[in-house]
Amino acid sequence: MALDVRLALATLRRLLRLGLILLCVASVSFGLMMASPVDPVDAYLGPLVAQVSPEQRELIASRWGFDDPAPVQFGRWLQQLASGNLGVSHVYNQPVGEVISQRFTRSIALLGSAWLLSLLLGFTLGVVAGAKERSALDKLISAYAYLTASTPTFWLALLGVLLFSVYLGWAPACCAGPVGVPSQDIHLATRLHHLVLPVATLTLLGTASITLHTRARMVALMRSDIARHAFAQGARRADIAWRHGVRHASLPALTLALASLGELFGGSILIEQVFAYPGLGQATVEAGLRSDVPLLLGIALFTTLFVSIGNTLADSLYHMVDPRMRRPSKPRQTTP
Amino acid sequence: MLRIEQLSLALPYYPRFWRRRFATHLDQLSFSVTAGSVHAVVGASGAGKSLLAHAIMGLLPKDAQLSGSCFFKQTLLDEPRKRALRGRELALIPQSLSALDPLARSQHQVNWAARRAGLPPSPARQAASQALAHYQLDERARRAYPHELSGGMARRVLTAMAHVAQASLVIADEPTIGLDPAQRSRVLDALAALALQGKAVMLITHDLRHALSIADRVTVMREGRCVESADASAFQGTGQMLESAYARALWQALPDNAFNVDTEYAEESRFA
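Residues numbered from 1 in each chain as written. Chains lettered and ligands numbered in written order. Predicted model: local features only at pLDDT ≥ 70, side-chain atom pairs only at ≥ 80, totals over all residues. Heavy atoms only, no water.

Asker: Where do I start with the overall build of chain B in this structure?
Answerer: Counting secondary structure elements, chain B contains 10 helices and 10 strands. Taking 2.2 N^0.38 as the reference for a compact globule, 272 residues should give roughly 19 Å; the C-alpha atoms of chain B span a radius of gyration of 19 Å, in line with that estimate. Principal axes of the C-alpha set define a box for chain B whose edges measure 55 × 50 × 40 Å. When contacts within chain B are restricted to residue pairs at least 6 apart in sequence, long-range pairs at least 24 apart make up 65% of them. Averaging the coordinates of the 31 positive side-chain charges in chain B and doing the same for the 25 negative ones gives two points 9 Å apart. (Helix = DSSP H or I, 4+ residues; strand = E, 2+ residues; numbered from the N terminus. Rg over C-alpha atoms; globule rule 2.2 N^0.38 Å. Contact = heavy atoms within 4.5 Å. Lys, Arg positive; Asp, Glu negative; His and termini not counted. Charge placed at Lys NZ, Arg CZ, Asp CG, Glu CD.)

Next up, the structure:
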């Protein structure tokens with residue numbers, strides 16, 4: 001009973017905090033967009049700008065409400081948001097909600113698989129490397145991790161396109177499907193084929209930091225009293241890595257993987273640009289360059305929501321993995 | 001059961017970043033532990049007691065220099081044999097409670113110890129639950145994580161982990177540290193019971209008085225050297241049956257005796 005009340009209060013507090021964060025993100029993004037030198041009407045018209053008279057420009061601006069002062073515009077946007085309307089993107093001529101949901105379903109295939117692969121691969125490599133410090137395998141894995149950790153995403157993506165798409169012709173160089181084919185006609189295998197290269201690039205880079213952190217935790221564990229005690233019981237190194245290492249190393253790996261969701265979004269912007277993949281990252285760039293305020297704010301809010309869900313998930317998973325962080329369910333026994 | 005002859009140990013240290021020197025931690029140590037008895041190794045902190053335990057178990061770092069020889073059951077105990085025997089014939093009850101994995105339940109840890117001793121899964125589970133029952137750890141303690149256990153219970157889990165392998169030599173490193181009198185005598189009784197079963201028990205402690213309550217023989221160590229090995233019965237009266245002045249001073253410094261601190265050993269006796 002008391003637990004339920006506490007849980008409800010904690011959830012309420014979390015939601016309130018989330019709301020505040022969203023508001024802050026929205027106002028900062030809006031402020032930045034207002035300070036941006038890109039004029040939304042010019043960006044909308046593009047090359048047509050030469051054929052449009054100042055009176056017509058005025059008309060467009062007043063129709064979209066660009067002639068009101070900035071706080072009024074922001075207030076209007078907030079009012080719409082309260083009724084569940086994110087506004088209309090003038091770049092795509094579609095409601096913002098629709099654009100985001102379309103783009104996100106494409107991005108999640110890219111981001112999700114890259115994220116999962118880099119978590120699994122990075123964790124495995126880290127555990128293997130840290131199990132025996134300074135072994136040949138450890139040196140090899142560490143060298144690889146340091147190298148990829150210091151590689152810029154877009155550069156690796158460009159190299160990947162050059163090698164696998166241009167020279168070898170194994171993978172398509174762009175887009176989520178063949179050019180000119182309607183989205184609903186693309187076969188699943190073709191979709192996957194188009195995903196391979198961007199996913200591989202993102203995975204390769206995401207793996208590095210998880211590997212390094214997992215390895216550091218493993219090395220510390222193998223030097224600890226726990227490992228020495230296990231050795232005294234006659235355990236082999238692989239046994240210690242499996243029974244103790246996996247539990248201990250999963251804490252930093254989980255935290256890092258879930259906290260890096262935001263970074264993953266950032267990385268996807270570059271990757272989607274290089275591969276011309278029509279995902280959320282590409283839409284962000286379009287919205288920014290063409291001053292599409294509703295779309296950009298929508299994406300910013302969505303990303304914030306996504307990242308904070310990741311952090312909340314990390315918090316709750318931590319409680320599951322590490323019993324020391326749980327509240328004692330029963331009163332602690334003091335007498336033996 | 002265990003015979004140690006002229007055992008010396010040097011560990012590297014780095015006075016400068018690039019220069020390596022070796023410091024002697026154990027110096028020409030010799031004594032033997034017989035089956036069915038408790039052999040106490042007593043000395044102040046830094047006397048090299050824990051290193052001695054690690055040397056016998058083969059748990060020293062790679063760059064340690066070990067010389068002299070150990071014999072276990074009349075056969076030379078070299079590094080490969082240590083690796084093969086530990087967990088099966090040689091068991092260690094570690095000094096620190098941090099040797100328990102904080103992320104695993106105690107019954108699992110005892111079970112793992114049984115598996116590491118070479119038991120197949122289901123006999124291992126049986127042996128683990130027997131060992132836990134033997135040390136009066138109830139269902140709640142079995143399902144508890146180490147941070148939920150009291151100090152005495154955690155000690156008993158560690159003892160159960162050493163007991164589950166039915167090793168013939170059990171080395172207990174400071175098993176009574178930080179325990180109240182009731183818990184302490186419980187742990188000491190458990191060790192004495194192991195000796196009664198015919199096992200050799202090596203009890204490492206800084207506490208001569210409590211060691212004497214169960215020990216058959218006592219080796220006094222000081223700065224890596226063996227000062228004296230004597231029967232526990234020699235520690236009586238004014239210590240006139242003891243050969244070395246240090247052992248006598250240690251005995252007389254106990255509160256039950258003269259409570260007399262010999263100035264020559266004042267520093268050590270304070271810790272002993």
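Asker: Quick question: what am I supposed to make of the sheet that holds strand E7 (residues 169–173) of chain B here?
Answerer: Working definition: the strands of a sheet are paired by backbone hydrogen bonds and lie parallel or antiparallel to each other. Residues and elements named next belong to chain B. Reading across the sheet, the 6 strands line up as E6-E7-E8-E3-E9-E10 and stay open at both edges, with mixed pairing between neighbours. Unpaired on one side and paired on the other, strand E6 (90–93) and strand E10 (225–231) mark the two borders of the sheet. On average, each strand axis in the sheet is tilted by 15 degrees relative to the strand beside it, whichever way the strands run. In terms of strand pairing, strand E3 (residues 38–43) meets strand E8 (residues 200–205) through 5 bridges, oriented parallel. From the neighbouring strand, alanine 40 faces E8, where its bridge partner is leucine 203. Each of E3, E6, E7 and E8 is contacted by helix H7 (residues 181–196), which is oriented at about 150 degrees to E8, the strand it contacts most. (Pairing = 2+ DSSP bridges. Axes fitted to C-alpha atoms, helices over the stretch in contact; angles between N-to-C directions.)

Asker: Where do I start with the environment of histidine 25 of chain B in this structure?
Answerer: Residue and element names in this part refer to chain B. Within the fold, histidine 25 resides in strand E2 (residues 21–33). Judged by its relative accessible area of 31%, histidine 25 is partly exposed. Once the C-alpha coordinates of histidine 25 and glutamate 223 are considered, the two residues, 198 residues apart in sequence, prove to be 7.2 Å apart. Sequence-distant contacts of histidine 25, that is, excluding residues within four places in its chain, are made with Leu9, Ala10, Leu11, Ala47, Gly48, Leu51 and Gly224. (Buried < 20%, exposed > 50% of the residue type's maximum accessible area, 1.4 Å probe, protein only.)

Asker: Help me out: how do you make sense of the environment of alanine 131 of chain B in this one?
Answerer: Residue and element names in this part refer to chain B. With respect to the helices and strands, alanine 131 occurs in helix H4 (residues 121–134). Accessibility expressed as a relative area gives 2% for alanine 131, which makes it buried. Considering only alpha carbons, one finds alanine 131 and asparagine 111, 20 residues apart in sequence, at a separation of 9.6 Å. Other than its neighbours up to four places away in sequence, alanine 131 contacts Val110, Ala160, His163 and Val164.

Asker: I keep staring at the interface of chain A and chain B and nothing clicks. Help me out?
Answerer: Reports of interface size often rely on the accessible area that becomes lost once the parts have come together. Of the residues lining the interface, 28 residues belong to chain A; the matching set on chain B comes to 35 residues. Of the roughly 2800 Å² buried where chain A meets chain B, counting both sides, 54% is carbon and sulfur surface. At the surface where chain A touches chain B, the tally comes to 1 salt bridge. The closest approach of N and O atoms between arginine 116 of chain B and aspartate 239 of chain A, which form a salt bridge, is 3.0 Å. Elements represented by at least two residues in the side of chain A that touches chain B include exactly helix H9 (225–232) and helix H10 (237–259) of chain A. (Buried area = accessible area lost by both parts, 1.4 Å probe. Salt bridge = Lys/Arg side-chain N within 4 Å of Asp/Glu carboxyl O.)

Asker: Whenever I open this one, the side chain of aspartate 173 of chain B confuses me. Can you help?
Answerer: Residue and element names in this part refer to chain B. For aspartate 173, the position within the fold is in strand E7. The charged side chain of aspartate 173 is buried without a salt bridge, its nearest counter-charge being lysine 49 at 6.8 Å. Separated by 2.8 Å, the side chains of aspartate 173 and serine 50 make a polar contact. Excluding anything up to four places from it in sequence, aspartate 173 contacts Ser50, Ile93, Pro94, Gln95 and Ile204. (Polar contact = N/O pair within 3.5 Å; in protein donor to acceptor, adjacent residues only side chain to side chain.)

Asker: What exactly am I supposed to notice about the UniProt feature "domain: ABC transmembrane type-1" (unreviewed entry) in chain A here?
Answerer: Mapped onto this numbering, the UniProt entry annotates "domain: ABC transmembrane type-1" (unreviewed entry) at residues 104–314 of chain A. Helix makes up 80% of residues 104–314 of chain A and strand 0%, with an end-to-end C-alpha separation of 22 Å. (UniProt positions renumbered as here; feature names shortened; annotations may be inferred.)

Asker: Looking at this structure, how should I read the UniProt feature "transmembrane region" (unreviewed entry) in chain A?
Answerer: Residues and elements named next belong to chain A. Within this structure's numbering, the places UniProt gives as "transmembrane region" (unreviewed entry) are residues 15–35, 108–131, 143–170, 195–214, 253–275 and 295–318. As a span, residues 108–131 carries 100% helix and 0% strand, and end to end its C-alpha atoms are 33 Å apart. As annotated, residues 253–275 has a helix share of 91% and a strand share of 0%, and its two end C-alpha atoms lie 28 Å apart.

Asker: How do you make sense of the packing of helix H5 (residues 96–131) of chain A against helix H12 (residues 280–289) of chain A when you look at a structure like this?
Answerer: When two helices pack together, their arrangement is given by the angle between the helix axes and the distance between those axes. Residue and element names in this part refer to chain A. Following both chains from N to C, one finds H5 and H12 inclined at 135 degrees, their axes separated by 8 Å at the closest point. The angle between H5 and H12 places the two elements in the oblique class. Contact residues: H5 offers Ile100, Arg103, Phe104 and Ser107, while H12 offers Leu280, Gly281, Gln282 and Ala283. Class assignment for the residues of the contact of H5 with H12 results in 4 nonpolar, 3 polar and 1 charged. (Parallel < 35°, antiparallel > 145°, perpendicular 65-115°, else oblique. Nonpolar A, V, L, I, M, F, W, Y, C, P; charged D, E, K, R; others polar.)

Asker: So what exactly am I meant to see when it comes to the confidence of the model for chain A here?
Answerer: As a general rule, the predicted coordinates of low-pLDDT regions are not to be interpreted in detail. This prediction gives chain A a mean pLDDT of 86; 97% of its residues lie at or above 70. Across residues 331–336 of chain A, confidence stays below pLDDT 50; counting only partners more than four residues off in sequence or on other chains, it has 13 contacts. (pLDDT = per-residue confidence, 0-100.)

Asker: Can you help me understand the domain arrangement of chain A in this one?
Answerer: Residues and elements named next belong to chain A. For chain A, the assigned domains are domain 1 (2–88) and domain 2 (95–325). Taken together, the contacts link 19 residues of domain 1 with 21 residues of domain 2. At the boundary of domain 1 with domain 2, total buried surface from both sides reaches about 1700 Å², with 74% on carbon and sulfur atoms. Where domain 1 meets domain 2, there are 1 salt bridge. Measuring nitrogen to oxygen at the nearest pair gives 3.2 Å for the salt bridge that ties aspartate 315 to arginine 14. Connecting domain 1 to domain 2 are 2 residue pairs in polar contact (both at pLDDT 80 or more). Mapped by element, the contributors of at least two residues to the side of domain 1 that touches domain 2 are helix H1 (2–35), helix H2 (40–45) and helix H4 (70–82). Classifying every residue of the side of domain 1 that touches domain 2 by side-chain character gives 15 nonpolar, 3 polar and 1 charged. (Domains from an automatic or database assignment.)

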